[in-house]
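The residues making up each chain are set out below.
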Amino acid sequence: MLTKRIIPCLDVTLDEAGGTVVKGIEFVGLRKAGDPVELAKRYNEQGADELVFLDITASHEGRSTMINVIERTANEVFIPLTVGGGINSIEDVRQILRAGADKVSINTSAVKNPELIKEASEIFGAQCIVTAIDCKRNTNIEDNPDKTILELEDGTKAWYEVVIYGGRKPTGLDAVQWARHVEELGAGEILLTSMDRDGTYDGFDIPITRKLSEELEIPIIASGGVGNPEHMYKGFVDGKADAALAASIFHFGEYTVGDVKEYLKEKSIPVRI
């Protein structure tokens, strides 16, 4: 049986320090969490399976990803590193992989130019290409009969709309249909973030996580909302995710990666200790 992966996430913004890890709630109200290189070293030592580094304002600010910070981070970790933010071209992908990343995560640019996923997958291999999907619940189902309607925890019906530019712009795209499409284009993995749950400590958005996990062949990384190890457990059991990503609980010292893995092991979830 494949082990489930625990992945700390570094949401990084460019500032006078050259790059600072931040964490917000529903993509806003950002507070500083530390230096990306130092945090990366900490999670590497704690036994994280992978690390995700997201330059969360690169697309919105119209700039490229901070290569020097990625190089310094890659030099300190010995686990797979996925980097996203501001990736608009094949050359951007090439530069980030050269800087030491193992995978790239493409979000806004994938929506604007889906062929980028196909081309990148053909050149670098599907295993290097992660498509990040940020989505938000939309309860307007009357005007959207062509969308994939899911039942939420309270019985409400909704579809999940893809948002881009760090959650700033809704696209009208159905997240389930978009996920199917990126799998066909050659994405090797999907990083799924529910904007409604991001930073809330309420747990993963199970309806959309489970739907994509059941529909797709490629792995789904669940993201958004982890407040405790039980939320990770539910993400794996109820959401059927292949990996669980978290930020706040690790950055602010509430739990270590080891704490989470011990909890999951006791619950018979296969993890790498």
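Fair warning: this is a prediction, and the values are worked out from it, not measured in the lab. (Residues numbered from 1 in each chain as written. Predicted model: local features only at pLDDT ≥ 70, side-chain atom pairs only at ≥ 80, totals over all residues. Heavy atoms only, no water.)

## Side note on the packing of aromatic side chains
Worth spelling out the cut-off: Whether two aromatic rings pair depends on their centres lying within 6.5 Å, for rings of Phe, Tyr and Trp, where Trp uses its six-membered ring; planes under 30 degrees apart make the pair stacked, over 60 edge-to-face, and the rest tilted. Each helix corresponds to a stretch of at least 4 residues labelled H or I by DSSP, and each strand to a stretch of at least 2 residues labelled E; elements are numbered beginning at the N terminus. Residue burial is assigned from relative accessible area. The probe radius is 1.4 Å, only protein chains are included, and a residue is buried under 20% of its type maximum, exposed over 50%, and partly exposed in between.
On inspection of all chains with the given rule, the structure shows one aromatic pair. Seen from their ring centres, Y43 and F250 are 6.0 Å apart, and the 55 degrees between their planes marks the pair as tilted. Of the two residues, Y43 is situated in helix 1 (residues 36-46) and F250 in helix 10 (residues 248-251); the sequence distance between them amounts to 207 residues. Its relative accessible area of 1% is what places F250 among the buried residues.

## Thoughts on the pairing of strand 12 (residues 220-223)
Rules: A strand pair is defined by DSSP finding two or more bridges across the two strands. Viewed with both strands pointing away, a crossover whose connecting path from the first strand over the helix to the second turns clockwise is right-handed.
Of the two faces of strand 12, the one holding I220 and A222 and the one holding I221 and S223 are both buried throughout. Both strand 11 (residues 189-194) and strand 12 contribute to a ladder of four bridges, which runs parallel. In the sheet register, T193 faces strand 12, and the bridge partner there is S223. For the crossover that starts at strand 11, traverses helix 8 (residues 206-215) and ends in the parallel strand 12, the hand is right-handed.

## Points about helix 3 (residues 67-76)
Counted only if it meets this: For this quantity, the arc is that covered by the directions from the helix axis to the C-beta atoms. The criterion used for residue contact is that any of the two residues' heavy atoms lie within 4.5 Å.
Every buried residue of helix 3 is accounted for by V69, I70, T73 and A74. Each buried residue of helix 3 lies within a common arc of 130 degrees when the element is viewed along its axis, so the set occupies one face. Residues of helix 3 that are buried sit in contact with helix 1, strand 4 (51-55), strand 5 (81-84) and helix 4 (90-98).

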